[in-house]
Each structure stands twice: as structure tokens, then as C-alpha cells.
Amino acid sequence: MKLGFVVIYVEDVQEVLNFYQQAFDLKVRMEYKEHDSLLYAELETEGAILGIASHIMGKDSFKGDYQKLTVKGLPFGQTMVFVTEEVHQKWDDAVKAGAVTVLAPHGKPWGQTVAYLRDTAGTLIEICTPMNG
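About the criteria used
Residues numbered from 1 in each chain as written. Predicted model: local features only at pLDDT ≥ 70, side-chain atom pairs only at ≥ 80, totals over all residues. Heavy atoms only, no water. Helix = DSSP H or I, 4+ residues; strand = E, 2+ residues; numbered from the N terminus. Expected span 1.5 Å × (residues − 1). Buried < 20%, exposed > 50% of the residue type's maximum accessible area, 1.4 Å probe, protein only. Arc of directions from axis to C-beta. Salt bridge = Lys/Arg side-chain N within 4 Å of Asp/Glu carboxyl O. Lys, Arg positive; Asp, Glu negative; His and termini not counted. Polar contact = N/O pair within 3.5 Å; in protein donor to acceptor, adjacent residues only side chain to side chain. Contact = heavy atoms within 4.5 Å. Pairing = 2+ DSSP bridges.

A.B. asks: Just checking my understanding: could you explain helix α1 (residues 13–24) for this structure?
C.D. replies: An α-helix turns once per 3.6 residues; consequently, residues spaced three or four apart project the same way. Between the first and last C-alpha of α1 there are 16 Å, a value that for 12 residues agrees with the 16 Å anticipated at 1.5 Å per step. Those residues of α1 that fall on the buried side of the exposure criterion are V13, V16, L17, F19, Y20, A23 and F24. Within α1, the buried residues cover an arc of 155° as seen down the axis, which keeps them to one side. Directly after α1, the chain includes D25, whose backbone phi takes a positive value near 55°.

A.B. asks: Whenever I open this one, the pattern of salt bridges confuses me. Can you help?
C.D. replies: When their charged atoms lie close together, side chains carrying opposite charge are able to pair. Tallied over the entire structure, the rule returns five salt bridges. Between K27 and D25 there is a salt bridge, with its nearest N and O atoms 3.0 Å apart. Among the ionic pairs, R29 bridges to E42, the shortest N-O distance being 2.4 Å. Within this pair, whereas R29 is found in strand β2 (residues 27–34), its partner E42 is found in strand β3 (residues 37–44), the two being separated by 13 residues in sequence. According to the relative accessible area criterion, R29 is partly exposed, its value standing at 42%. Judged by relative accessible area, which is 7%, E42 ranks as buried. By sharing partners, the salt bridges in this structure join R29, E42 and E44 into a single network.

A.B. asks: Even after reading the chapter, I still don't get the side chain of E126, so can you show me in this structure?
C.D. replies: Following the sequence through the fold, E126 ends up in strand β8 (residues 124–128). Despite being buried, E126 has no salt bridge partner; K108 is the closest side chain of opposite charge, sitting 7.4 Å away. A polar atom in the side chain of E126 sits 3.4 Å from the side chain of Y116. Here E126 is in contact with T79, M80, V81, F82, V114, A115 and Y116, once residues within four sequence places are set aside.

A.B. asks: Explain the pairing of β2 to me, please; I cannot follow it from the model alone.
C.D. replies: The side chains of a regular strand alternate, first on one face of the sheet and then on the other. The sheet contact formed by β2 and β3 spans seven bridges and is antiparallel. When the sheet's bridge partners are listed, V28 is paired in β3 with L43. Between the end of β2 and the start of β3, which pair antiparallel, lie two residues, with H35 showing a positive phi angle near 50°.

Encoded structure:
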């Protein structure tokens with residue numbers, strides 16, 4: 001199995017798209033609009049494609065409602081992980097782009113540097129150095 005996509009469902013696709021472009025310099029792969037409203041976009045990463053979909057598309061896809069992301073309260077128990085040697089720089093870029101800080105960059109006992117934040121829609125993000133192994 002190959003992980004092809006990670007899709008997050010958000011209130012404002014353009015806002016979240018802008019965040020990932022500014023924070024991590026990700027390039028837009030495609031956009032889907034209806035009636036001048038951006039409903040879905042894809043960003044290129046070095047791994048899986050990151051999709052950002054509107055709640056309108058989510059309700060249609062799932063044929064009903066679902067638990068929506070929010071920056072209020074605790075994050076969901078899942079993390080989108082970006083791996084880079086530049087954890088401190090990417091942390092700073094993400095904060096400047098509007099990320100909500102969770103835990104600043106810090107070292108782990110196994111030698112990895114990690115940091116946690118949330119995007120403008122509430123997705124929990126880890127930025128970390130590669131695992132040596």
C-alpha cells in the first residue's frame with residue numbers, strides 16, 4: 001500500500017491553502033472551484049499529496065455530517081508530520097503564517113528534534129528531523 005493523499009476538511013479552503021503555502025512553501029497541484037468558491041485544493045509534498053477540502057465536499061462525500069476540525073479545545077489524536085533538517089526555521093515560518101503553537105522545537109532522547117503546532121483550521125502538525133536509523 002502506498003499513502004497517496006491526506007485530506008483535511010476545513011471551513012475556509014483558501015485560508016488553509018494560504019497557510020501551507022506560506023508556512024512550508026508547498027506548491028499548489030490543483031484547485032477545484034464551483035461558482036467562484038474554492039472547494040478543494042491539492043498541495044505537492046515530497047510524499048503524499050495534501051488535499052484541503054471544504055466542509056461542503058465533506059458532507060457530500062460522507063453523505064452526512066462528521067466531527068469538524070477546530071482550533072478551540074484539544075487537537076484530534078492524529079498528527080500530520082513534516083520531516084526536515086530545518087525544524088527551527090520551518091517552526092518560525094509556520095508561526096508567522098498563523099500557526100497555533102503547541103510545543104516549541106525540542107530534542108528527544110533518541111536524537112530527533114520535534115515541534116508541534118496546529119494549522120489555522122486546527123490540524124495537529126509535527127515538524128521533525130529525520131530519524132537516524
